[in-house]
Amino acid sequence: MTAKIRSVEAFSADFVRLESAAVRVVFVHGSVANGPTTFTALEPLRGRFELVVPNRGGYPPGPLLDRIDFEEQAEELGPLLADGAHLVGHSYGGVIALLMAARTPEAVRSLTVSEPPAFAVARGQPEVDRLIAELEAFFAAGPHEPADYLRGFLAIVGSATRLPDPLPAELEQGARAAMAERAPWEAEIPLDELAAAPFPKLVLSGGHNAAFDAVCDVLEERLGAERAVLPGAGHSIPRAPGYAERLEAFLT
């Protein structure tokens, strides 16, 4: 049996009627890159799972949005879990995945998040407060031209992504979508509810940034989660060596 990779451009209850004998895994991408671009290393999961890889609202090939909110997108993506699925979120998508799992824990088989910028859970730690201040200043002052914005933003979060020049249309839209996102440290993560949920949790980090490490430390401790460090790709954890293999080991 060959697993399916599905790309979803809009979200409604229609998507819960996907037919597959395989166990479903729902992936939620982060900022800048859409779903299929983010999760390119999924080949080892084929044949064992149905891979559902949606494109969040505002990201290509869908239309741009003036505002992107993690709470709204957690609600929009919820039906993809259907009657039970593993849930995997990267970066901003990790914040969304945490909220999705707390909303409907009965529909979650397991939860994996990689470096979610849920900085509110670790406020008061100097490295976290410094990164929030740096990002707030960057978002307020710009630059707001897509290519320059991406270079500055990726440098701050520690992504190893190399930008083509000029930006292709898809990447330019991804930059504009990132600029429209609500600040992720505004998210209120219900840690107690998630800790009480019976499904297993896995937290992944890249070992490159003290602020992201601090968030992952809190999630590991408060959620009773497994923890793995995948170096080699900075913040772009799904591109790190061993990503798909570590995820597969956890899911199985």
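Model, not experiment: these values are computed from the prediction.

### So, the pairing of strand β4 (residues 85-90)
Here is step 1 of the chain: The element β4 is largely enclosed, with a buried count of 6 among its 6 residues.
Here is step 2 of the chain: Sheet topology note: the strand β2 (residues 23-28)/β4 ladder contains 4 bridges and is parallel. Looking at the pairing, Phe27 lines up with Val88 of β4.
Here is step 3 of the chain: By the bridge criterion, 6 bridges tie β4 to strand β5 (residues 108-114) in an arrangement that is parallel. In the sheet register, His86 faces β5, and the bridge partner there is Ser110.
Here is step 4 of the chain: In this region the chain leaves β4, passes through helix α3 (residues 92-103) and returns to the parallel neighbour β5; the handedness of that crossover is right-handed.

### Describing the packing of helix α4 (residues 126-141) against helix α8 (residues 210-223)
Here is step 1 of the chain: Direction vectors running N to C along α4 and α8 enclose 120°, while the axes themselves pass 8 Å from each other. As summarised for this structure, α4 and α8 are arranged oblique, according to the angle between their axes. Both α4 and α8 take part in a crossing whose hand is left-handed. Note on element contacts: α8 touches α4 through Ala210, Ala211, Phe212 and Ala214, opposite Glu127, Val128 and Leu131.
Here is step 2 of the chain: Taken together, the residues that form the contact of α4 with α8 break down as 6 nonpolar, no polar and 1 charged.

### Observations regarding the pairing of β2
Here is step 1 of the chain: Within β2, 5 of the 6 residues are buried, leaving the element largely enclosed by the surrounding structure.
Here is step 2 of the chain: Two strands pair when backbone bridges link them, and β2 and strand β3 (residues 49-52) are joined in this way by 4 bridges, in the parallel orientation. The residue of β3 that forms the bridge with Val26 is Val52.

### Focus on the confidence of the model for the chain
Here is step 1 of the chain: Here the chain shows a mean pLDDT of 91. Residues at 70 or above account for 91%.
Here is step 2 of the chain: Segment residues 1-20 is flagged for pLDDT under 50; beyond a separation of four residues in sequence, or across chains, it makes 52 contacts in the model.

### Quick notes on the pattern of salt bridges
Here is step 1 of the chain: According to the stated counting rule, one finds 13 salt bridges in the structure shown.
Here is step 2 of the chain: The partner of Asp192 in a salt bridge is Arg222, with the nearest N and O atoms 3.0 Å apart. Here Asp192, found in helix α7 (residues 191-196), pairs with Arg222, found in helix α8; they are 30 residues apart in sequence, far enough to count as distant.
Here is step 3 of the chain: Taking relative accessible area as the criterion, Arg222 reaches 38% and is therefore assigned partly exposed.
Here is step 4 of the chain: Put simply, Glu220 and Arg227 hold a salt bridge, and the shortest N to O gap is 3.2 Å.
Here is step 5 of the chain: Since its relative accessible area comes to 21%, Arg227 is described here as partly exposed.
Here is step 6 of the chain: By sharing partners, the salt bridges in this structure join Asp69, Glu71, Arg182 and Glu186 into a single network.

### Some thoughts on unusual backbone geometry
Here is step 1 of the chain: Put simply, Gly142 and Pro143 share a cis peptide bond, and its omega is 15°.
Here is step 2 of the chain: Mapped onto the elements, Pro143 comes out in the loop between α4 and α5 (146-157).
Here is step 3 of the chain: Asp165 connects to Pro166 through a cis peptide bond whose omega is 5°.
Here is step 4 of the chain: You can see Pro166 is positioned in the loop between α5 and α6 (169-179).
Here is step 5 of the chain: You will see that Val32, though not glycine, has its phi angle at about 80°, which is positive.
Here is step 6 of the chain: Tracing the backbone through its elements, the reader meets Val32 in the loop between β2 and α1 (35-38).
Here is step 7 of the chain: Phi is positive for Ser91, close to 55°, though the residue is something other than glycine.

Conventions adopted
Residues numbered from 1 in each chain as written. Predicted model: local features only at pLDDT ≥ 70, side-chain atom pairs only at ≥ 80, totals over all residues. Heavy atoms only, no water. Buried < 20%, exposed > 50% of the residue type's maximum accessible area, 1.4 Å probe, protein only. Helix = DSSP H or I, 4+ residues; strand = E, 2+ residues; numbered from the N terminus. Pairing = 2+ DSSP bridges. Right-handed = clockwise from strand over helix to strand, strands pointing away. Axes fitted to C-alpha atoms, helices over the stretch in contact; angles between N-to-C directions. Parallel < 35°, antiparallel > 145°, perpendicular 65-115°, else oblique. Left-handed = near helix turned anticlockwise from the far one by under 90°. Contact = heavy atoms within 4.5 Å. Nonpolar A, V, L, I, M, F, W, Y, C, P; charged D, E, K, R; others polar. pLDDT = per-residue confidence, 0-100. Salt bridge = Lys/Arg side-chain N within 4 Å of Asp/Glu carboxyl O.

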